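Residue strings, one per chain:
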4 protein chains.
Amino acid sequence: MTRFNDWRDQVFDIIYKTDTKAGKAFDVLLILSILLSVGAVMLDSIERINVRHGYWLTGVEWFFTIVFTIEYVTRIWVNPRPFKYIFSFYGLVDLLSIVPTYLALMIPGTNEFLVIRLLRVLRIFRVLRLSTYIHQANFLLSALNASRQKITVFLFFVLTLATIFGAVMYVIEGPDNGFTSIPKSIYWAIVTMTTVGYGDISPHTSIGQAIASVVMIMGYSIIAVPTGIFTAELANTLRGEKALELKCSGCGLRDHRVGARYCYDCGAKL
Amino acid sequence: MTRFNDWRDQVFDIIYKTDTKAGKAFDVLLILSILLSVGAVMLDSIERINVRHGYWLTGVEWFFTIVFTIEYVTRIWVNPRPFKYIFSFYGLVDLLSIVPTYLALMIPGTNEFLVIRLLRVLRIFRVLRLSTYIHQANFLLSALNASRQKITVFLFFVLTLATIFGAVMYVIEGPDNGFTSIPKSIYWAIVTMTTVGYGDISPHTSIGQAIASVVMIMGYSIIAVPTGIFTAELANTLRGEKALELKCSGCGLRDHRVGARYCYDCGAKL
Amino acid sequence: MTRFNDWRDQVFDIIYKTDTKAGKAFDVLLILSILLSVGAVMLDSIERINVRHGYWLTGVEWFFTIVFTIEYVTRIWVNPRPFKYIFSFYGLVDLLSIVPTYLALMIPGTNEFLVIRLLRVLRIFRVLRLSTYIHQANFLLSALNASRQKITVFLFFVLTLATIFGAVMYVIEGPDNGFTSIPKSIYWAIVTMTTVGYGDISPHTSIGQAIASVVMIMGYSIIAVPTGIFTAELANTLRGEKALELKCSGCGLRDHRVGARYCYDCGAKL
Amino acid sequence: MTRFNDWRDQVFDIIYKTDTKAGKAFDVLLILSILLSVGAVMLDSIERINVRHGYWLTGVEWFFTIVFTIEYVTRIWVNPRPFKYIFSFYGLVDLLSIVPTYLALMIPGTNEFLVIRLLRVLRIFRVLRLSTYIHQANFLLSALNASRQKITVFLFFVLTLATIFGAVMYVIEGPDNGFTSIPKSIYWAIVTMTTVGYGDISPHTSIGQAIASVVMIMGYSIIAVPTGIFTAELANTLRGEKALELKCSGCGLRDHRVGARYCYDCGAKL
């Protein structure tokens, strides 16, 4: 039994870790498989290719689904705490990466959701030992987190504005000019405020164009708000991270210049 | 009479406050009613739904209008200072939330303005005790307020530019290419400067496209101005907030310069 | 002769200054005239209005042109240094505000340029004694000025990129897909990079759409550059302006907190 | 032989340097030639002009190609370290500037790539002795470089999001509404997230428009991320530059913290 456990530990190391040669090879192979299978799904969706090579592409899809199913089962089996893995972010992504193929047997057309497999590629950061990249990602996330509440207030404000302007435009322009319902007019307001501007719906009356101008200038200006929020937080985090690492033993002050050897205030050696 | 006043006080507490169980329940019920009634107005505007269920949706609309009217009258009646409420932001929104239904009896088509009811949902911040959210909203507003004058100057500049470029394009492109009048050309200039770009009007002559390119690059670049203004103000406000954590032991003042050794106001050592 | 000079001085005060009652009244009247005449030019350009009221609007236009001509001549006549006025910004704008009407007698269609009159409204800042607004405008201009060189480099870079991507798309998409020449393809590249996206020209081939995606993501990202430049400069100017006014008499340090009474570093009274 | 080497040295000074009169004249002439030849390529691509003047423009193109070929060969010949030049940025650009004309003899249509010649104009910075501009460009590049990793993480995130939203919209909207394949849907997602919004493909179903709204608001908000990253880095770099003005009298180091009293490196009083 110990020998069996030993073997299970070895598999665990290969699958979950990257510090051995076999572990790294496994992860590189895995990422290549993911990219290939996502590529196959994409190609399969192009009609011209589907007609000619659809048969082979379905084969590729099934091949990778079976491989990933075996990998998923093995991951659960060799993990000493399987439930922690199953309900982790990667565990859920791994499950969602194989379900669509099986689901497509019952409900046709769902296999396009296989592109969710792309999320598995996030493992690439681990493989390439890009710890600095993960650090940077965490850095961005912590700045986003610090501005979470401000951004919620901002989005609430934008959506309320879009709803009211949508209703106003529905009354002014009416169904004849493409504003066929309030929800559709709200869609127009969002298209306009975010400065996307498809042009599938656009105001035709003079007063409608005047109000649209107000909406555009508003949308154009309030983009300053999320940008300002995030930039200010990021600048704070950036300054804090660089400056707070050092502390003067003499006077206890922090906020020294990066690379300083003497305290800027009392002159003591750092 | 005292017992009657007592009863009025109790109703006041339920309607206006959220610290009792009944008061909180009232506010949650109110918000649900608002969302339901706004949803009904939206659905009513979709023709396919209006044809089938229009009768019921009009009923729902009238039901909520009557409920909100009773609520509005009660709010005035139980408030010891009714006029302060009537002319407050919430008082006006509450009034505007019931008027359109009655107005629609005389002028058809105005009931779409009922979506203004959505503004009543702003009360949600009070109900959920999201005082931090209100704090953040105030924070953003104070930064916006500090940059008010700069933004006025900026908007004046943008509108002058839009008018002049609009007139130039009207002369160059002319009515044959969709620039049928100066106001319409100004509308085009705003659509372009804000980078919305519907494409309902677009330049066709070579010289028109060259000038449009200048307008686009201008619009693309000057978005830096409101963003810069707001970010700089926000960073300032944010820094102020962080500086507030240090407190003088002598006079109790906060908001010292980072790295300060003496209180800026009483001169005591920090 | 002295009495005549006296009279000329009085007219000078009324026209050029705003500190007397008559001077202020003159400027308010002037701004109203400008707005009215610009409004008339705009209305005249709308065909439906032109057909019905064109005769009257042409009269209004000529009336204001003659009034502004008299004003322009008077300005030169009462000014002790007329040439300084003629070649100043306001002098040139005043001249350009009357020329188009006369020019339209020879070259029809030029009178739309009368909207340049709008620039005269910039005088509004002087009339309303909005010195704070002028201060803010100067503030923004000084930050823009400080980042002038960086923005020149940026624009040079954007235009080079637009030219190269335009030529590449011309080769790939070709005249059949709307990319009829390199200049037109450069126009498309600018429309795309600035995220305006009219949709009058858009890629149809797969490889064209892939390259367009690169252009879009590039344009979307590099807007960070002018914004970053301007924000950083503005933050600097803002901080500098607030902090550099105060200097400690004891240790000579600047950069004190706004409103400080004691030096943060040596504790001396400021 | 020495006299020959002398002559080669002189040619080297004229071609590669700008501090002599002849060297400056050569570079000005070179830039004019580049702009003329790029202009000729652009004009040649306009059909109306090509039909009438195509013969002459081809002549101009060949003339400049031969001139630039001679220049290129001379540059290699007079350079004491020719391989360093050949594989430098300018060396490669110079080669790419002449190849397309010769290539067009075998593969027609490639001569449009001659616009790559425009990159040669980058030499203008050297000619006009715009060392401040180069300084500013380096400044921007160093800030971009410092945020390289953060921007890589950001782009990876944006592309993953575009792929997943593209697949979702392909399933929801389907080929009938223009979403003919997953790659095309990804193209739509990028057009939408970057707020370009051509409108060549746009959602028609209600649920598709709802998801598109989410994509738009996302795209509109996350532009804050590259802007924030770059602004924060730029502000840091800028602050560093300003701090460089203070100089320690002991060790001569600059870059002290604003408000510092002691040198951070040698501890001497500032």
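Residues numbered from 1 in each chain as written. Chains lettered and ligands numbered in written order. Predicted model: local features only at pLDDT ≥ 70, side-chain atom pairs only at ≥ 80, totals over all residues. Heavy atoms only, no water.

J.: Give a description of the overall build of chain A that names residues and reports values.
T.: On a plain count of helices and strands, chain A comes out with 12 helices and zero strands. Start at the N end of chain A and walk to the C end: the helices and strands fall as α-α-α-α-α-α-α-α-α-α-α-α. Out of the 270 residues belonging to chain A, those deemed buried represent 50%. Across chain A, contacts joining residues at least 24 apart in sequence account for 54% of those joining residues at least 6 apart. Element-wise, carbon and sulfur atoms account for 68% of the exposed surface of chain A, whose accessible area totals about 13100 Å². (Helix = DSSP H or I, 4+ residues; strand = E, 2+ residues; numbered from the N terminus. Buried < 20%, exposed > 50% of the residue type's maximum accessible area, 1.4 Å probe, protein only. Contact = heavy atoms within 4.5 Å. Areas by Shrake-Rupley, 256 points an atom, 1.4 Å probe, with all protein chains shown as cover.)

J.: Outline the packing of helix α11 (residues 206-222) of chain B against helix α10 (residues 182-193) of chain C, listing residues and values.
T.: Contact geometry for α11 of chain B and α10 of chain C: axes closest at 9 Å, N-to-C directions at 20°. Viewed along their axes, α11 of chain B and α10 of chain C adopt a mutual orientation that is roughly parallel. Viewed along their axes, α11 of chain B and α10 of chain C form a crossing whose handedness is left-handed. Contact residues: Q209, A212, S213, M216, I217 and Y220 of chain B in α11 of chain B; K184, Y187, I190, V191 and M193 of chain C in α10 of chain C. (Axes fitted to C-alpha atoms, helices over the stretch in contact; angles between N-to-C directions. Parallel < 35°, antiparallel > 145°, perpendicular 65-115°, else oblique. Left-handed = near helix turned anticlockwise from the far one by under 90°.)

J.: Can you tell me about the packing of aromatic side chains, naming the residues and giving the values?
T.: Tallying each qualifying case throughout the model produces 28 aromatic pairs over all chains. Each ring, one from W7 of chain D and one from W77 of chain D, has its centre 5.9 Å from the other, and the planes form 55°; the classification is tilted. Of this pair, W7 of chain D sits in helix α1 (residues 2-16) while W77 of chain D sits in helix α3 (residues 47-78), and the two are 70 residues apart along the sequence. With relative accessibility at 44%, the residue W7 of chain D sits in the partly exposed group. Of the residues examined, W77 of chain D reaches a relative accessible area of 37% and is grouped as partly exposed. Three or more aromatic residues joined by ring pairs make a cluster, and in this case those are F63, F64 and F68 of chain A. (Phe/Tyr/Trp six-rings, centres within 6.5 Å; stacked < 30°, edge-to-face > 60°.)

J.: Tell me about helix α9 (residues 148-173) of chain D, and please be specific about residues and values.
T.: Over its 26 residues, α9 of chain D extends 36 Å from the first C-alpha to the last, a length consistent with the 38 Å expected when each residue adds 1.5 Å. Just beyond α9 of chain D, the residue with positive phi is G174 of chain D, at close to 80°. (Expected span 1.5 Å × (residues − 1).)

J.: Give me unusual backbone geometry: which residues, what numbers.
T.: With the exception of glycine, most residues fall at negative phi, and the peptide bonds are largely trans. You will see that T195 of chain B, though not glycine, has its phi angle at about 60°, which is positive. Classification of T195 of chain B by relative accessible area gives buried; the value is 8%.

J.: Provide a residue-level description of a nonpolar patch on the surface, including the pertinent values.
T.: Residue and element names in this part refer to chain B. A surface patch of nonpolar side chains, amounting to about 820 Å² of accessible area, comprises I66, I70, L95, V99, Y102, L103, L105, M106 and I107. At the level of secondary structure, the elements contributing two or more residues to the nonpolar patch comprise α3 (47-78) and α6 (99-106). Top element by residues in the nonpolar patch is α6. It accounts for five residues. If you trace the backbone, M106 turns up in helix α6. (Patch = residues over 30% accessible without salt bridge, like charges linked within 9 Å, V, L, I, M, F, W, Y side chains within 5 Å. Salt bridge = Lys/Arg side-chain N within 4 Å of Asp/Glu carboxyl O.)

J.: Please set out the environment of F156 of chain D residue by residue, giving values where relevant.
T.: Residue and element names in this part refer to chain D. Checked against the element boundaries, F156 lands in helix α9. Using a relative accessible area of 28% as the deciding quantity, one classes F156 as partly exposed. With 146 residues separating them along the chain, F156 and Q10 place their C-alpha atoms 51 Å apart.

J.: Before we move on, could you go through the packing of helix α10 (residues 182-193) of chain A against helix α2 (residues 21-45) of chain B and cite the residues and values that matter?
T.: The angle between the axes and the distance between the axes are what describe a pair of packed helices. Relative orientation of the contacting elements α10 of chain A and α2 of chain B amounts to 100°, with a least axis distance of 7 Å. Taken as axis vectors, α10 of chain A and α2 of chain B run roughly perpendicular relative to one another. Of the residues in α2 of chain B, those touching α10 of chain A at I182, P183 and I186 of chain A are V41, M42 and S45 of chain B. Looking at the contact of α10 of chain A with α2 of chain B residue by residue, the class counts come to five nonpolar, one polar and no charged. (Nonpolar A, V, L, I, M, F, W, Y, C, P; charged D, E, K, R; others polar.)

J.: Residue-level account of the pattern of salt bridges, with values.
T.: Charged atoms that come close allow side chains of opposite charge to pair. Taken as a whole, this structure holds eight salt bridges over all chains when the rule is applied. For the salt bridge of D94 of chain A with R75 of chain A, the shortest nitrogen-to-oxygen distance reads 3.9 Å. Residue D94 of chain A is located in helix α5 (residues 89-96), and its partner R75 of chain A is located in helix α3 (residues 47-78); the two are separated by 19 residues in the primary sequence. Exposure remark for R75 of chain A: the relative accessible area of 1% places this residue in the buried category. Salt-bridge contacts for R75 of chain B lead to E71 of chain B; the nearest nitrogen and oxygen are separated by 2.7 Å. Of the two residues, R75 of chain B and E71 of chain B both sit in helix α3, four residues apart, roughly one turn of that helix. On the basis of relative accessibility, which here comes to 8%, the residue E71 of chain B falls in the buried class.

J.: Give me the UniProt feature "transmembrane region" (unreviewed entry) in chain A: which residues, what numbers.
T.: Those places that UniProt annotates as "transmembrane region" (unreviewed entry) correspond, in this numbering, to residues 25-43, 55-73, 85-107, 127-144, 151-172 and 210-232 of chain A. Helix makes up 78% of residues 85-107 of chain A and strand 0%. Its end C-alpha atoms lie 28 Å apart. (UniProt positions renumbered as here; feature names shortened; annotations may be inferred.)

J.: Hey, could you go over the confidence of the model for chain A for me, with residue numbers and the actual values?
T.: Residues and elements named next belong to chain A. Averaged over all residues, the pLDDT of chain A equals 77, while 74% of them reach at least 70. Model confidence for chain A, summarised as mean pLDDT per element, is weakest for helix α7 (residues 124-127) at 55 and strongest for α10 at 91. Scored as a complex, the prediction yields pTM 0.81 and ipTM 0.77. (pLDDT = per-residue confidence, 0-100.)

J.: Can you tell me about the environment of T231 of chain D, naming the residues and giving the values?
T.: The residue T231 of chain D is located in helix α12 (residues 224-243) in this model. With 158 residues separating them along the chain, T231 of chain D and V73 of chain D place their C-alpha atoms 44 Å apart.

J.: Please provide a residue-by-residue account of α10 of chain A, values included.
T.: The terminal C-alpha atoms of α10 of chain A, which comprises 12 residues, lie 16 Å apart, in line with the 16 Å expected from a rise of 1.5 Å per residue. The buried fraction of α10 of chain A is high, at 10 of 12 residues. Along α10 of chain A, the residues classified as buried are I182, S185, I186, Y187, W188, A189, I190, V191, T192 and M193 of chain A. Residues of α10 of chain A that are buried make contact with α9 (148-173) and α11 (206-222) of chain A, α2 of chain B together with α11 (206-222) of chain D. Positive backbone phi, approximately 60°, marks T195 of chain A, located one or two places after α10 of chain A.

J.: Give a description of the side chain of T192 of chain B that names residues and reports values.
T.: Relative to the assigned elements, T192 of chain B resides in helix α10 (residues 182-193). A polar side-chain atom of T192 of chain B sits 2.5 Å from a polar atom in the side chain of Y198 of chain C. If we skip the residues at most four places from it in the chain, T192 of chain B touches A212, V215 and M216 of chain B together with V196 and Y198 of chain C. (Polar contact = N/O pair within 3.5 Å; in protein donor to acceptor, adjacent residues only side chain to side chain.)

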